[in-house]
Amino acid sequence: MDQNELKRQVAQAALAYVEPGTVLGVGTGSTVDLFIEALAASGMELAGTVSSSERSTQALTAAGFKVLEAAAVERLSTYIDGADEIDPMGHMIKGGGAALTREKIVADLADRFVCIADASKCVDVLGRFPLPVEIIPMAAPQLIRRFAQLGGQAQVRPGCVTDNGQLILDVRGLSIADPLAVEAEVSQWPGVVTVGIFARHRARVALIGTPDGVRTLK
Ligand code: 5RP
């Protein structure tokens, strides 16, 4: 079974976590694209969605779902999104698709983060996937030096400007044994908009696509 098929499986399984008639938080990425397809095919009616990117807004609108501004919503029961890495506690690295800031904002509105990912994303310790960090451009050189002090090699992602008009640093070589602590530390560095560690906003449910079917971690 190829990776796309595993993604399709978890996208389908995530439908069980959507409450009809509610407003749903929707993430970004190829797995989420498949989830939006599955949601549209299910015929389920929603009061609306809150999207974490221009890409998902376009897909949701094309599928006939109303997309609300995050500012218009006080609370979501569920946010569904993919991940670049997930550990056994549900801590994640996100931002491979450069949407991490809006993803964290929408996840923060939600009572529950449901992560949908194929098994290649599962790790014991976060850090194999280069850590995305959205930054204010003028701070790039000093942030690159700061990551070097932590043992990381940071590099500006070529040709990437986020939906918020900022840059992404990808940081290689970190082993993130304490995701809560690293998220808290990096988040306060001047010039950091959002660090792609989702530890405070960890997945409460993870649907992992494996060749033997969908594994559910809670
Ligand atoms: C986008 C993300 C995505 O959730 C992450 O990159 C996973 O993407 P995919 O579903 O395409 O593997 O964080 O910013």
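Since the structure is predicted, the reported quantities are computational estimates derived from the model, not experimental observations.

What counts, and at which threshold
The numbering scheme is per chain: residues are counted from 1 as the chain's sequence reads. For a predicted model such as this one, the threshold for reporting local features is a pLDDT of at least 70, and the threshold for listing and counting side-chain atom pairs is 80 or more; totals across whole chains, interfaces and linings nevertheless cover every residue. Only heavy atoms go into the side-chain values, all of them from the structure, while hydrogens and water stay out. Helix numbers and strand numbers start at the N terminus; a helix is a DSSP run of H or I with at least 4 residues, a strand a run of E with at least 2. In this treatment the radius of gyration is a C-alpha quantity, and the globule benchmark scales as 2.2 Å times the residue count to the 0.38 power. For every residue, the accessible area obtained with a 1.4 Å probe (protein chains only) is divided by the maximum for its type, and the residue is called buried under 20%, exposed over 50%, and partly exposed between those limits. Only heavy atoms matter for contacts: two residues are in contact if any of them lie within 4.5 Å across the pair. Computed with a 1.4 Å probe, the accessible areas rest on the Shrake-Rupley method; for each residue, only the protein chains presented here act as cover. Counted as positive: Lys and Arg. Counted as negative: Asp and Glu. His and the chain ends are not counted at all. Charge positions come from single atoms, namely NZ of Lys, CZ of Arg, CG of Asp or CD of Glu. For this quantity, the arc is that covered by the directions from the helix axis to the C-beta atoms. A pair of strands is treated as paired once DSSP finds two or more bridges between them. pLDDT is a per-residue confidence score from the predictor, ranging from 0 to 100. Note on aromatic contacts: the rings of Phe and Tyr and the six-membered ring of Trp form a pair at centre separations within 6.5 Å, being stacked when their planes are under 30 degrees apart, edge-to-face when over 60 apart, and tilted otherwise. Distance and angle both matter: a charge sits over a ring if NZ of Lys or CZ of Arg is within 6 Å of the ring centre and within 35 degrees of the ring normal.

## Topic: the overall build of the chain
Alright, step 1. When helices and strands are counted, the chain shows 6 helices and 14 strands.
Alright, step 2. Taking 17 Å as the expected radius of gyration for a compact globule of 218 residues, we find that the chain reaches 17 Å, a close match to that expectation.
Alright, step 3. A burial count over the chain gives 52% of its 218 residues as buried.
Alright, step 4. For the chain, the share of sequence-separated contacts (at least 6 apart) that also reach a separation of at least 24 residues comes to 73%.
Alright, step 5. When the accessible area of the chain is evaluated, it comes to approximately 9900 Å², of which 51% is carbon and sulfur surface.
Alright, step 6. Placing the 20 positive and 25 negative side-chain charges of the chain at their respective mean positions leaves the two points 3 Å apart.

## Description of helix α5 (residues 140-149)
Alright, step 1. Among all positions in α5, only Ala140, Leu143 and Phe147 are buried. Down the axis of α5, the smallest arc covering the buried residues is 65°, so these residues share one side. Residues of α5 that are exposed and point over 90 degrees away from its buried face: Arg145 and Gln149.
Alright, step 2. Here the buried face of α5 lies against β8 (131-135), β9 (153-156), β10 (167-172), α6 (179-187) and β11 (192-195).

## Section: the pairing of β8
Every regular strand shows the same layout, with side chains that alternate between the two sheet faces.
Alright, step 1. Counted residue by residue, β8 has 5 buried out of 5 residues, so it is predominantly covered.
Alright, step 2. Where burial is concerned, the two faces of β8 agree: the one with Leu131, Val133 and Ile135 and the one with Pro132 and Glu134 are both buried.
Alright, step 3. The sheet contact formed by β8 and β10 spans 5 bridges and is antiparallel. Paired with isoleucine 135 across the bridge in β10 is leucine 167.
Alright, step 4. Across 3 bridges, the pairing between β8 and β11 is antiparallel. When the sheet's bridge partners are listed, isoleucine 135 is paired in β11 with valine 192.

## Concerning the confidence of the model for the chain
Alright, step 1. Confidence in the prediction of the chain, expressed as mean pLDDT, is 97, and 100% of residues score 70 or more.
Alright, step 2. Interface scoring of the predicted complex returns ipTM 0.98; its pTM is 0.95.

## Notes on the sheet that holds strand β6 (residues 92-93)
Alright, step 1. Taken together, the 3 strands give an open sheet; going across it, the order is β5-β6-β12, and neighbouring strands pair in antiparallel fashion. Pairing within the sheet leaves two strands with one partner each, and these edge strands are β5 (85-86) and β12 (197-198).
Alright, step 2. Relative to β6, β5 runs antiparallel, the two being bridged by 2 bridges. Within the sheet, the bridge partner assigned to isoleucine 86 lies in β6 and is methionine 92.

## Things to note about the environment of valine 23
Alright, step 1. Looking at the element boundaries, valine 23 is found in strand β1 (residues 23-26).
Alright, step 2. In the structure, valine 23 is positioned 154 residues away from alanine 177 in sequence and 35 Å away in space, judged by C-alpha atoms.

## Focus on the packing of aromatic side chains
Alright, step 1. By the definition in use, this model includes 3 aromatic pairs.
Alright, step 2. Measuring from ring centre to ring centre gives 5.0 Å for tyrosine 79 and phenylalanine 113, while their planes differ by 85°; the resulting arrangement is edge-to-face. Remark: phenylalanine 113 occurs in strand β7 (residues 110-118) and tyrosine 79 occurs in strand β4 (residues 76-81); sequence separation between them is 34 residues. The residues tyrosine 79 and phenylalanine 113 share a single accessibility class, namely buried.
Alright, step 3. Ring centres of phenylalanine 113 and phenylalanine 198 lie 6.4 Å apart, and the angle between their planes is 80°; on these two criteria the pair is classed as edge-to-face. Of this pair, phenylalanine 113 sits in strand β7 while phenylalanine 198 sits in strand β12; the two residues are 85 residues apart in sequence, bridging distant segments of the chain. Here phenylalanine 113 and phenylalanine 198 have matching classes, each one buried.
Alright, step 4. Taken together through their ring pairs, the aromatic side chains of Tyr79, Phe113 and Phe198 make up a single cluster.
Alright, step 5. Its end group placed over the ring of phenylalanine 198, lysine 104 keeps NZ or CZ at 5.0 Å from the ring centre.

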